[in-house]
Amino acid sequence: LFGLFLSMYLVTVLGNLLIILALSSDSHLHTPMYSFLSKLSLADIGFISTTVPQILMNIQTHKEVISYVDCLTQMSLFTTFVCMDDKLLTVMAYDQFVAICHPLHYPVNMSPPLCGYLVLVSLFLSLMYTQLNKFMILPIFKDMDISSFFCDPSQLLNLSCSDTYSNKIIRYFLGALYGLFPFSGILLFYYKIISFILRIPFSGGKYKAFSTCGSHLAVVCLFLGTGFGVYLGSTVSHSPRKGAVASVMYTVVTPMLNSFIYSLWNRDIKVP
């Protein structure tokens, strides 16, 4: 297990660092789409770095205990990077929509100041979500068992000793605000993109349009599919082993595959 997790961690970090290096060194890739991609790669590095190093240390030391402060810190960093991934994927879906459906307006609608503003808003929303989660989890009993290999926010919220009814209302509200709305936005953008592509009369234009958004769509399906699978599976099945396997797919495998999808699918990154 130590070799497996270490290999996946090194591949993820190295792959995303190479993407960032390629995007920063090639002037032809200094576009809004690739700027968002570099931010996504940074978020993926932070995403996996909040869980795997702790796993590696626990495997080596045979230690299954984490302090209260370390647990809250890990949970805060994890939720920040996960939420940042989610927001950046939504912003990238909007970028794809403007590039394909309104190409003449692209320089205005995706100007550098606006792109920077969208990244800052994504970061602000991620930090706000983390703080709201932390306030709900702070009143929690110590010396508790968590059936996971990291401080999973969904499990910590279930252990919280605050008022259950108000806690559930806040969780549903945050789930709709930070999960349902971005997902609905991505679906809306891709509905408009696909409708526009189907109206293109020649097949060459359709292929070019699909190839433009193919890598992003694959990453969205992988990220949201595994994420929803973890939380829907936790409500249906209460098996700790199945939950741990699903969490590995969501927290370790997904960030690793993102770099492969973008580097192998995108011709601009593959071809010097």
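Values in this document were obtained by computation on a predicted structure and should not be read as measured data. (Residues numbered from 1 in each chain as written. Predicted model: local features only at pLDDT ≥ 70, side-chain atom pairs only at ≥ 80, totals over all residues. Heavy atoms only, no water.)

Peer 1: Can you tell me about the environment of F181, naming the residues and giving the values?
Peer 2: Topologically, F181 is positioned in helix α8 (residues 164-198). Spatially, the C-alpha atoms of F181 and T90 are 9.6 Å apart, while their sequence positions differ by 91 residues. (Helix = DSSP H or I, 4+ residues; strand = E, 2+ residues; numbered from the N terminus.)

Peer 1: I'd like a description of the nonpolar core, backed by residues and values.
Peer 2: Among the nonpolar cores identified, the biggest contains 42 residues, and F36, L37, L40, M110, I193, F223 and Y262 are the most heavily contacted of them. Listed by contribution, the elements that provide at least two residues to this core are α1 (2-25), α2 (32-49), α4 (68-101), α6 (112-137), α8, α9 (203-236) and α10 (240-265). The dominant element in this core, judged by the number of residues it contributes, is α4, at twelve residues. Once residues within four sequence positions are removed from consideration, F36 is found in contact with V91, M92, D95, M110, C115, L118 and V119. (Core = buried A, V, L, I, M, F, W, Y, C linked by side-chain atoms within 4.5 Å. Buried < 20%, exposed > 50% of the residue type's maximum accessible area, 1.4 Å probe, protein only. Contact = heavy atoms within 4.5 Å.)

Peer 1: Can you tell me about the packing of α1 against helix α3 (residues 52-61), naming the residues and giving the values?
Peer 2: With their axes 10 Å apart at the nearest point, α1 and α3 run at an angle of 160° to one another. Judged on the interaxial angle alone, α3 and α1 are roughly antiparallel. As for how α1 packs across α3, the hand of that crossing is left-handed. Within the contact between the two elements, α1 uses F2, F5, L6 and Y9 and α3 uses V52, P53, I55, L56, I59 and Q60. When grouped by side-chain class, the residues that make up the contact of α1 with α3 number nine nonpolar, one polar and no charged. (Axes fitted to C-alpha atoms, helices over the stretch in contact; angles between N-to-C directions. Parallel < 35°, antiparallel > 145°, perpendicular 65-115°, else oblique. Left-handed = near helix turned anticlockwise from the far one by under 90°. Nonpolar A, V, L, I, M, F, W, Y, C, P; charged D, E, K, R; others polar.)

Peer 1: Residues and numbers for the packing of aromatic side chains, please.
Peer 2: This model, assessed by the stated rule, comprises four aromatic pairs. Aromatic side chains F47 and F78 sit 5.5 Å apart centroid to centroid with 55° between the ring planes, which places their arrangement in the tilted category. Of the two residues, F47 is situated in helix α2 and F78 in helix α4; the sequence distance between them amounts to 31 residues. On the accessibility criterion, F47 (0% relative accessible area) is buried. Judged by relative accessible area, which is 2%, F78 ranks as buried. The rings of F47, F78 and F150 are connected pair by pair, giving a single aromatic cluster. (Phe/Tyr/Trp six-rings, centres within 6.5 Å; stacked < 30°, edge-to-face > 60°.)

Peer 1: Break down the environment of M57 for me, with residues and values.
Peer 2: With respect to the helices, strands and loops of the structure, M57 is situated in helix α3. Judged by relative accessible area, which is 42%, M57 ranks as partly exposed. The spatial distance from the C-alpha of M57 to the C-alpha of F2 is 9.0 Å, given a sequence separation of 55 residues.

Peer 1: Lay out the pattern of salt bridges in plain terms, naming residues and giving numbers.
Peer 2: Applying the stated criterion across every chain yields a total of one salt bridge. A salt bridge links K87 to D86; the nearest nitrogen and oxygen atoms lie 3.4 Å apart. Residue K87 is classed as buried on the basis of its relative accessible area, which comes to 8%. (Salt bridge = Lys/Arg side-chain N within 4 Å of Asp/Glu carboxyl O.)

Peer 1: Lay out the state of the cysteines with the relevant residues and their values.
Peer 2: For the structure on display, the rule yields one disulfide. Here C71 pairs with C151 through a disulfide, and the sulfurs are 2.1 Å apart. Residues C71 and C151 share a disulfide whose torsion about the S-S bond is about -130°; that sign makes it left-handed. Within this pair, whereas C71 is found in helix α4, its partner C151 is found in the loop between α6 and α7 (153-159), the two being separated by 80 residues in sequence. Using a relative accessible area of 9% as the deciding quantity, one classes C71 as buried. (Disulfide = S-S within 2.5 Å.)

Peer 1: How would you sum up unusual backbone geometry? Please name residues and give values.
Peer 2: Here the phi dihedral of H62 falls at roughly 55°; this positive angle occurs in a residue that is not glycine. Considering the arrangement of structural elements, one finds H62 in the loop between α3 and α4. Of the residues examined, H62 reaches a relative accessible area of 70% and is grouped as exposed.

Peer 1: Give a detailed account of the environment of V252, specifying residues and quantitative values.
Peer 2: Position of V252 among the secondary structure elements: in helix α10. The spatial distance from the C-alpha of V252 to the C-alpha of S49 is 9.3 Å, given a sequence separation of 203 residues. Filtering out sequence-adjacent residues up to four positions away, V252 remains in contact with F5, M8, T12, I48, V52 and S247.

Peer 1: Run through the side chain of S76, naming residues and quoting values.
Peer 2: Relative to the helices and strands, S76 resides in helix α4. A polar atom in the side chain of S76 sits 2.8 Å from the backbone oxygen of L72. Once residues within four sequence positions are removed from consideration, S76 is found in contact with T130 and K134. (Polar contact = N/O pair within 3.5 Å; in protein donor to acceptor, adjacent residues only side chain to side chain.)

Peer 1: Could you give me a rundown of a nonpolar patch on the surface, with the residues and numbers involved?
Peer 2: Residues F173, L177, L180 and F181 make up a contiguous nonpolar surface patch of roughly 410 Å² in combined accessible area. Owing to a relative accessible area of 52%, F181 belongs among the exposed residues under this scheme. (Patch = residues over 30% accessible without salt bridge, like charges linked within 9 Å, V, L, I, M, F, W, Y side chains within 5 Å. Areas by Shrake-Rupley, 256 points an atom, 1.4 Å probe, with all protein chains shown as cover.)

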